[in-house]
Amino acid sequence: QVQLVESGGGLVQSGGSLRLSCAASSGTFGGYKMGWFRQAPGKEREFVARISRAGTSTTYADSVKGRFTISRDNAKNAVYLEMTSLKPEDTAVYYCAAGGRSSDWYQYDYWGQGTQVTVSS
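Note that the coordinates shown come from a computational prediction; the quantities given were computed from them, not determined experimentally.

Rules and cut-offs
Residues numbered from 1 in each chain as written. Predicted model: local features only at pLDDT ≥ 70, side-chain atom pairs only at ≥ 80, totals over all residues. Heavy atoms only, no water. Helix = DSSP H or I, 4+ residues; strand = E, 2+ residues; numbered from the N terminus. Rg over C-alpha atoms; globule rule 2.2 N^0.38 Å. Buried < 20%, exposed > 50% of the residue type's maximum accessible area, 1.4 Å probe, protein only. Areas by Shrake-Rupley, 256 points an atom, 1.4 Å probe, with all protein chains shown as cover. Lys, Arg positive; Asp, Glu negative; His and termini not counted. Charge placed at Lys NZ, Arg CZ, Asp CG, Glu CD. Disulfide = S-S within 2.5 Å. Core = buried A, V, L, I, M, F, W, Y, C linked by side-chain atoms within 4.5 Å. Contact = heavy atoms within 4.5 Å. Pairing = 2+ DSSP bridges. Polar contact = N/O pair within 3.5 Å; in protein donor to acceptor, adjacent residues only side chain to side chain.

**Student:** So what exactly am I meant to see when it comes to the overall build of the protein chain here?
**Tutor:** Helices and strands together make up the secondary structure of the protein chain, namely zero helices and 11 strands. Helices (α) and strands (β) of the protein chain occur, in sequence order from the N terminus, as β-β-β-β-β-β-β-β-β-β-β. For a compact globule of 121 residues, the expected C-alpha radius of gyration is about 14 Å, and the protein chain comes in at 13 Å, within 12% of that figure. Across its three principal axes, the protein chain shows a C-alpha extent of roughly 40 × 25 × 25 Å. Per-residue burial for the protein chain yields a buried fraction of 41% across its 121 residues. Counting every atom, the protein chain has about 6200 Å² of accessible surface; 43% of that belongs to carbon and sulfur. On the protein chain, the mean spot of the 13 positive side-chain charges and the mean spot of the 10 negative ones are 5 Å from each other.

**Student:** Help me understand the state of the cysteines in this model?
**Tutor:** Each disulfide consists of one covalent bond between the sulfur atoms belonging to two cysteines. Tallied over the entire structure, the rule returns one disulfide. With its sulfur 2.1 Å from that of its partner, cysteine 22 forms a disulfide with cysteine 96. For the disulfide bridge between cysteine 22 and cysteine 96, the dihedral angle about the S-S bond is near -80°, and by the sign convention the bridge is left-handed. Of the two residues, cysteine 22 is situated in strand β3 (residues 18–26) and cysteine 96 in strand β9 (residues 92–98); the sequence distance between them amounts to 74 residues. Accessibility expressed as a relative area gives 0% for cysteine 96, which makes it buried.

**Student:** In this structure, what is going on with the nonpolar core? I would like to understand it.
**Tutor:** Nonpolar side chains tend to gather and get buried jointly when the protein is soluble and globular. By size, the foremost hydrophobic cluster in this structure holds 34 residues, and its most contacted members are Met34, Trp36, Val79, Leu81, Met83 and Tyr94. Looking at this core, the elements with two or more residues in it are β3, β4 (34–39), β5 (46–51), β7 (68–73), β8 (78–83), β9 and β11 (115–120). A per-element tally of this core places β9 first, with five residues. Ignoring anything within four residues of it in the chain, the contact list for valine 79 reads Leu20, Ser21, Cys22, Phe29, Met34, Trp36, Ile51, Ile70, Ser71, Arg72 and Cys96.

**Student:** Help me out: how do you make sense of the pairing of β11 in this one?
**Tutor:** The two faces of the sheet receive side chains in turn, since in a regular strand these alternate between them. Taking every second residue as pointing to the same face, the buried face of β11 carries Thr115, Val117 and Val119, while none of Gln116, Thr118 and Ser120 on the other face is buried. For strand β2 (residues 10–13) and β11, the ladder comprises four bridges, and the chain directions are parallel. Opposite glutamine 13, over in β11, you have serine 120 as the bridge partner. Across three bridges, the pairing between β9 and β11 is antiparallel. Opposite valine 93, over in β11, you have glutamine 116 as the bridge partner.

**Student:** Explanation requested: the side chain of arginine 38 in the structure shown.
**Tutor:** Looking at the element boundaries, arginine 38 is found in strand β4. Within the structure, the side chain of arginine 38 is placed 2.9 Å from the side chain of aspartate 90, a separation counted as a polar contact. Engagement of the side chain of arginine 38 in a polar contact is seen with the side chain of tyrosine 94, the distance being 2.9 Å. Here arginine 38 is in contact with Glu44, Arg45, Glu46, Val48, Ser63, Val64, Phe68, Glu89, Asp90, Ala92, Val93 and Tyr94, once residues within four sequence places are set aside.

Take a look at the structure:
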């Protein structure tokens with residue numbers, strides 16, 4: 001069992017940047033594929049990015065490709081999401097997840113509580 005907690009969310013203007021962090025409050029990341037998802041009010045949870053166990057392979061949603069970067073540091077039990085060129089449509093609660101086999105949210109076993117990202121126009 002791994003417990004996750006996100007941080008780094010906040011209010012940023014359009015075109016700005018934020019870096020989200022996900023840390024394990026218990027357990028370790030080393031054996032898990034990790035992902036970031038987001039959910040805006042009235043919308044379903046959507047895939048943002050995922051990263052392999054060793055951090056050598058990454059996958060991004062088309063909507064964030066070229067703007068967001070996912071990375072991990074297994075020694076620190078942490079995964080990150082660097083977000084640049086933010087747009088108002090990026091506004092959502094962002095969730096860190098562990099144990100995924102794909103880009104589908106239901107394939108992940110563990111979830112953090114989420115951190116709010118708000119991008120002003």
